[in-house]
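The lines below spell out each chain.
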Amino acid sequence: MYNNTKEYDVIVVGAGHAGCEAALAASRMGCETLIITMNLDNIALMSCNPAIGGVAKGHLVREIDALGGEMAKCIDKTGIQFRVLNTSKGHAVQAYRAQADKQLYRWEMKAVLEREKGLDIKQGIVEGLLIEDGKAVGVKTNTGILYRSRGVILTTGTFLKGLIHIGLINFPAGRAGEFSAEKLSDNLKDLGFEVGRLKTGTPPRLDAKTINFSGLTRQSGDDNPRPFSYSTEKITQRQIPCYLTYTNMETHRIIMENLDRSPLYCGVIKGIGPRYCPSIEDKVKRFPEKERHQVFLEPEGYETTEYYTNGVSTSLPIDVQLKFLRTIKGLEKVEIMRPGYAIEYDFIPPTQLMPTLETKLIKNLYLAGQINGTSGYEEAAAQGLMVGINAGLSTQGKEPLILDRSEAYIGVLIDDLITKGTEEPYRMFTSRAEYRLVLRQDNADLRLKEKGYRVGLVREEEFVRFVNKREGIKREIYRLNKTILKPNAHINKILESMGTNILNEPVTLLELLRRPEITYNKLIQLETIPKSQFLNPDIIEQVEIQVKYEGYINRELEKIGRFKRLEGKRMPQGIDFKNIPGLSTEVKEKLSKIKPVSIGQASRISGVTPSAISILIVYLEQLKRKVTPKSIGRDS
């Protein structure tokens, strides 16, 4: 063994989307950081769909950016098609999505890492952890090098005992063309961690020279693409279209006839796959009444002919893949450049983690990304950012940054994982967030930018711009509330042309803006706002949303107040739930396993009943009064 002479504050294992955010966060906070990856050429590689964002996922990316992360900036520089989704729906479910140039994205992220001071990048395979006195103090690699540190972050993706399936053929790999990590998960088991098995998949990549795009539905990006990052002024690069086609009954017939050659249906694959992103085999088998399924043809970059076939993830044999693809309109003569495949991999059930994503079993060991059972680049990057921040804060002797469910989708993501766990790859949806009217993607900076600044990830000039924006919103709402519009013939004529009621008495501009027919820009048409008052579009957007949704937002804030009160009832460290009288055996077991940090978290554990929560609240009150608790009654 060779001991590397340099000792680090933080070591990050893996350089996918979680690892990149973790390493950048820790190093930018002043920590001497090392990131170790199997292949330096594949840093931030998009191994599945070359796209960032989407419903709820776009919310995560905006939150990452508000906290000082890198993903949004990177996609703004390398995106080849930008769209705002759900524009016909409410602001709570609108989201940004961008198709990326796959190669440009990884090159840009790699360059960012290489330029970062205080961040070392090494190629190697980590095979085990160095543990002393119950703490992670470094890692050892397959080449016999020992790297020592004050904290370790594992972001291993699908590489832990990764096994690729194409038909009934399988072979070890972290993803196509790369080694799997065969020894690290054994090391984690030996240390006492519970290890599970999950499965995900990817579709075939097609050669654009063999696709007939004529007759397919063209999907272009937005005319005025909106950036993900609050620091990006404008998207200037050329955009290119995607295309939509469909499977048909002949496609489905071929798939059904070959299910006996599918590892999914032959019992070869043991891991549980993602419910919300099923393979084409699953879709055809589970929904026989559907005559067709959507297939999105998405370019992988400017300088490549590879197209990603979104919607036909598959692990069928290559000959079957080619046969069913050629039944699809536009793909009659298509050639496959890379086959679709399924991959099984080990993960650590996330109920073994604390809210900081530090493991309960070993101090200073953090996990982020697919090792925690999630799917998706955005979910991984969000976790990576948070573990980077918290590992950094820990080395500095500071309190951790924990976002709760009322503050961010990131808070929802982490709380779901550590409280409920997951038995399938976890994907973020807006429906998972009970306070989604407040957790909109448009106000991520208002919710989180100050937190990012306090931990040292938001630069001074960015924060000054943010403060100016925040104050500008307040000033304009105040002005609208103080400016009175008096009725006259001219004003009423304009209001009639806008399809809204005329004025019979004076109203404030704020009251007028609350009308569904009136937008902020229509107030300008009423000539009530002098040109000198014209504001930044981001300020206008926030003013309009806050004014029009004020009643709904206030009701949600009341709910958040009740939530905060439960979260504020903290559990004492080291509490033995088995000694609390009145709780059922099942509840005691679940509380002992999860070790909730608050009454609020306890209330979200499956099987912990309202009566059990009442018992816990009384027990905590008795502890405060230093009264020995008596039996409070059985929890049914």
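About the cut-offs
- By convention here, each chain's residues receive numbers from 1 onward along its written sequence.
- Since the coordinates come from a predicted model, pLDDT governs what is reported: local features require at least 70, and pairs of side-chain atoms require 80 or more to be given and counted, while whole-chain, interface and lining totals use all residues.
- Note that water and hydrogens are dropped before the side-chain values are worked out from all heavy atoms of the structure.
- Going along the chain from the N terminus, every DSSP run of H or I of four or more residues is numbered as a helix, and every run of E of two or more is numbered as a strand.
- We compute the radius of gyration over the C-alpha atoms and compare it with the globule rule, which gives 2.2 Å times the number of residues raised to the power 0.38.
- Any residue under 20% of the maximum accessible area for its type is buried, any over 50% is exposed, and the rest in between are partly exposed; the area is computed with a 1.4 Å probe on protein chains only.
- The contact rule is simple, with two residues in contact once any of their heavy atoms fall within 4.5 Å.
- In short, Shrake-Rupley with a 1.4 Å probe defines the accessible areas, and a residue's cover is counted only from the protein chains shown.
- Two residue types count as positive, namely Lys and Arg, and two as negative, namely Asp and Glu; His and chain ends fall outside the count.
- Every charge is mapped onto a representative atom, which is NZ of Lys, CZ of Arg, CG of Asp or CD of Glu.
- Strand pairing is assigned whenever DSSP detects at least two bridges linking the two strands.
- To obtain an axis, a line is fitted to C-alpha atoms, over the contacting stretch when the element is a helix, and the angle between two such axes runs from 0 to 180 degrees between their N-to-C directions.
- Directions are taken from the helix axis to each C-beta atom, and the arc is the one they span.
- In this scheme, roughly parallel covers angles under 35 degrees and roughly antiparallel covers those over 145, while 65 to 115 is roughly perpendicular and the rest are oblique.
- A crossing counts as left-handed when the near helix is turned anticlockwise from the far one by less than a right angle, and as right-handed when that turn is clockwise.
- Residues are sorted three ways: Asp, Glu, Lys and Arg are charged, Ala, Val, Leu, Ile, Met, Phe, Trp, Tyr, Cys and Pro are nonpolar, and all the rest, Gly among them, are polar.
- Segment limits for the domains were obtained from an automatic or database-derived domain assignment.
- What qualifies as a polar contact is a pair of N or O atoms within 3.5 Å, subject to a donor-acceptor requirement within protein and to the restriction that residues adjacent in sequence count only when both atoms come from side chains.
- For salt bridges, the criterion is a side-chain nitrogen of Lys or Arg within 4 Å of an Asp or Glu carboxyl oxygen.

Draft legend 1. Looking closely at the overall build of the chain. Along the chain, the regular secondary structure elements total 20 helices and 24 strands. Compactness check: the chain gives a C-alpha radius of gyration of 27 Å against a globular reference of 26 Å for 636 residues, within 12% of the reference. Across the 636 residues in the chain, those meeting the buried criterion constitute 58%. By sequence separation, contacts in the chain at least 24 residues apart represent 72% of the contacts at least 6 residues apart. Looking at the chain as shown, the accessible area adds up to about 27,600 Å², and 50% of this sits on carbon and sulfur atoms. On the chain, the mean spot of the 91 positive side-chain charges and the mean spot of the 78 negative ones are 3 Å from each other.

Draft legend 2. Examining the sheet that holds strand β11 (residues 152–154) more closely. The sheet built from five strands is open, its strands ordered β7-β3-β2-β11-β22 with parallel pairing. Edge positions in the open sheet fall to β7 (119–123) and β22 (365–367), since each of these has one partner strand only. Neighbouring strand axes in the sheet, compared pairwise and without regard to direction, differ in orientation by 20° on average. Across five bridges, strand β3 (residues 33–37) lies against β7 in parallel orientation. Residue pairing across strands places T37 opposite Q123, the latter belonging to β7. The strands touched by helix α1 (residues 17–28) are β2 (10–13), β3, β7 and β11; relative to β3, the strand with the most contacts, the crossing angle is about 165°. Across the sheet, helix α9 (residues 377–395) touches β2, β11 and β22, and the angle it forms with β22 is around 165°.

Draft legend 3. The arrangement of the sheet that holds strand β13 (residues 169–172) in detail. Spatially, β13-β12-β21-β14 is the arrangement adopted by the four strands of the open sheet, whose pairing is antiparallel. This sheet does not close on itself; its edge strands, each paired only once, are β13 and β14 (196–202). Looking at each pair of strands side by side, their axes are set apart by 25° on average, direction ignored. Relative to β13, strand β12 (residues 163–166) runs antiparallel, the two being bridged by four bridges. Within the sheet, the bridge partner assigned to H165 lies in β13 and is N170.

Draft legend 4. Geometry of the environment of R562. Here R562 lies in helix α17 (residues 550–567). Relative accessible area serves as the criterion here: at 45%, R562 is assigned to the partly exposed category. Distance in space between the C-alpha atoms of R562 and I75 is 38 Å, their sequence separation being 487 residues.

Draft legend 5. Structural detail: helix α13 (residues 489–497). Along α13, the positions that sit buried rather than exposed are I491, N492, I494 and L495. Looking straight down α13, one finds that the buried residues subtend no more than 160° of arc, so they occupy a single side. Residues of α13 that are exposed and point more than 90 degrees away from the buried face comprise A489, K493, E496 and S497. On the buried face of α13, the contacting elements are β23 (484–485), α14 (509–513) and α15 (520–525). Just past α13, the residue G499 takes up positive phi, approximately 75°.

Draft legend 6. Here's a closer look at helix α2 (residues 57–67). Of all eleven residues that make up α2, eleven are buried, and the element is covered over most of its length. Buried within α2 we find K57, G58, H59, L60, V61, R62, E63, I64, D65, A66 and L67. One or two residues past the end of α2 sits G68, with phi positive at roughly 105°.

Draft legend 7. Representation of the packing of helix α3 (residues 71–78) against helix α4 (residues 102–115) within the structure. Viewed as axis vectors pointing N to C, α3 and α4 meet at an angle of 135°, and their least axial separation amounts to 9 Å. Considering the angle they form, α3 stands oblique to α4. Considering only the axes of α3 and α4, their crossing is right-handed. Within the contact between the two elements, α3 uses M71, C74, I75, K77 and T78 and α4 uses L104, Y105, E108 and M109. Taken together, the residues of the contact of α3 with α4 sort by class into six nonpolar, one polar and two charged.

Draft legend 8. Up close: the domain arrangement of the chain. Annotation of the chain at the domain level lists domain 1 (205–340), domain 2 (460–553) and domain 3 (568–627). Taking only C-alpha atoms into account, the centre of domain 1 sits 45 Å from that of domain 2.

Draft legend 9. Summary view of the side chain of T33. Residue position: T33 is located in strand β3. Among the polar contacts listed, one links the side chain of T33 to the backbone oxygen of C31, at a separation of 3.0 Å. Setting aside residues no more than four positions away along its own chain, T33 makes contact with Y8, V10, V12, A23, A26, S27, G118, L119 and D120.

Draft legend 10. View of the side chain of E21. Positionally, E21 belongs in helix α1. For the buried E21, which has no salt bridge, the nearest side chain bearing the opposite charge is R28, at an N-O separation of 5.9 Å. With sequence-adjacent residues up to four places away left out, E21 is seen in contact with I64, G69, E70, M71, A381, G384 and L385.

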